[in-house]
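Geometric and topological summary
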Amino acid sequence: MKLGNFLWVTLAIAGANYNLPLYSLESDLQQKDHCTIELISEAAAIQPWKSFMVGIQIKMEPGWHTYWRDPGDSGMPTRVKWILPEGFNAGEIQWPVPKRFSDEMVTNFGYEEEVILLTEISPPESLAVGTEVPVTAKVSWLLCKDICVPEEAELTLRLPVAETSRLHPEWSRVIQETRRQIRKGEDNESD
């Protein structure tokens, strides 16, 4: 068998196993002055009525930070406005445990290096299998070091609808690890 034919057969078999085209399942990475931001999904394919998690991932340059839901004496929490197809609902942001930033004057709570803010998305029962749906997040956040810079981004995923949901091999692990960290923080708060 020629290499070209072998490649086509291999791709046909792979496509038959997944029954859907391959999607990146993250928004375009947006580069800001001192950070990057993207929207990621644990699901490689969604199904009607089955909730799935998405995450807003912000990676910051050294020394820069963003804020937690309760920023402390100053700052502003990250805000997300969801633009979803009809019948979809977005839950509240699930916040990882923050770091405490203090000096003589103020105490703040937030994140350095990287943070993933999770949200559960619930689709309606009436979704057409074989279509794709857009999930858009309009995000605003404050990025600080010696100065604070207000930032904004609009991030969109296009997710395929299938008869059964599938997890994305990379992003589902990242999101599950973030969920474990959030639960561990909640357990420590209740002690």
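Before going further, it helps to spend a moment on the state of the cysteines. Under the counting rule described, the total for this entry stands at one disulfide. One disulfide bridge connects cysteine 144 with cysteine 148, the sulfur atoms lying 2.0 Å from each other. The sign of the S-S torsion, about 115°, decides the handedness of the disulfide formed by cysteine 144 and cysteine 148: right-handed. A relative accessible area of 43% means that cysteine 148 is categorised as partly exposed.

With that settled, the discussion passes to the pairing of strand 11 (residues 132-144). Where strand 6 (residues 79-83) lies against strand 11, five bridges are found, and the strand directions are antiparallel. Residue pairing across strands places valine 80 opposite valine 139, the latter belonging to strand 11. Note: strand 11 against strand 12 (residues 148-160), 13 bridges, orientation antiparallel. Residue pairing for strand 12: valine 133 is matched across the bridge by leucine 159.

Unlike most non-glycine residues, tryptophan 49 shows phi in positive territory, near 75°. We classify tryptophan 49 as exposed; its relative accessible area is 63%. Phi at glutamate 113 is positive, roughly 65°, even though this residue is not glycine.

Rules of the game
- In this convention, every chain numbers its residues from 1, walking through the sequence in written order.
- Selection of residues for local features in this predicted model requires a pLDDT of at least 70, selection of side-chain atom pairs for listing and counting requires 80 or more, and totals for whole chains, interfaces and linings are taken over all residues.
- No hydrogens and no water enter the side-chain calculation; it runs on all heavy atoms of the structure.
- Count a disulfide wherever a pair of cysteine sulfur atoms falls within 2.5 Å.
- A 1.4 Å probe rolled over the protein chains alone gives each residue an accessible area, and that area as a share of the maximum for its type sets the label: buried under 20%, exposed over 50%, partly exposed in between.
- Strand pairing requires that DSSP identify at least two bridges connecting the strands.
- Numbering of helices and strands starts at the N terminus; helices are DSSP runs of H or I of at least 4 residues and strands are runs of E of at least 2.

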